[in-house]
Amino acid sequence: MSIFRRGRGGPGRVSVQEAAARTGHGDPAEVPTDAVLLDVREPYEWQAGHAPRAVHLSLSALAAGTGLPARAQARPLVVICRSGNRSRQAAELLAARGAEAVDVIGGMRDWAGAGLPVVDANGGNGTVA
């Protein structure tokens, strides 16, 4: 049984709170799954601010056929972008390739808005670009 609910005809969607819980970013009392947070924004967006422990692969690289980073292979994927549009496309691409993937509704904007951690490329306080 999948840990991810599916939408009609495509990958499922989760809230930022669900994404945080499934990737170990949420309440310490919650038991995370082995899911990986996959950020599909462009490199400049990633460098400005991303979730700690997230894995980066831009949608453009994914669409061009670049494989998943090692830490994201053979694991459930929680896909995030800035607002939720690119992550939806990426989750659909990944599902078509056989991966278990959901996208995060509201993306990094809602992630940061919910008070979840955002770090920059140097590990300092990041911003959502």
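Residues numbered from 1 in each chain as written. Predicted model: local features only at pLDDT ≥ 70, side-chain atom pairs only at ≥ 80, totals over all residues. Heavy atoms only, no water.

Q: What's the story with the nonpolar core in this structure? I'm lost.
A: Within soluble globular proteins, side chains that are nonpolar generally end up buried alongside one another. Of all hydrophobic cores here, the largest spans 17 residues; its most connected members are V14, A19, L37, V78, I80, V104 and W111. Those elements that place two or more of their residues in this core are α1 (16-22), β4 (77-80), β5 (101-104) and α5 (107-113). Broken down by element, the residue count for this core peaks at three residues, all from α1. Apart from the residues within four sequence positions on either side, A19 is in contact with V14, V78, V104 and W111. Among the nonpolar cores identified, the runner-up in size contains 16 residues, and L57, L77, A91 and A101 belong to it. (Core = buried A, V, L, I, M, F, W, Y, C linked by side-chain atoms within 4.5 Å. Buried < 20%, exposed > 50% of the residue type's maximum accessible area, 1.4 Å probe, protein only. Helix = DSSP H or I, 4+ residues; strand = E, 2+ residues; numbered from the N terminus. Contact = heavy atoms within 4.5 Å.)

Q: Even after reading the chapter, I still don't get the pairing of β5, so can you show me in this structure?
A: Walk down a regular strand and you will see the side chains alternate between the two sheet faces. Of the two faces of β5, the one lined by A101 and D103 and the one lined by V102 and V104 are each fully buried. Pairing geometry for strand β1 (residues 12-14) and β5, over three bridges, is parallel. By the bridge assignment for β5, G12 is matched with V102. Judged from the three bridges that link them, β4 and β5 form a sheet pairing that is parallel. Paired with L77 across the two strands is A101, which belongs to β5. (Pairing = 2+ DSSP bridges.)

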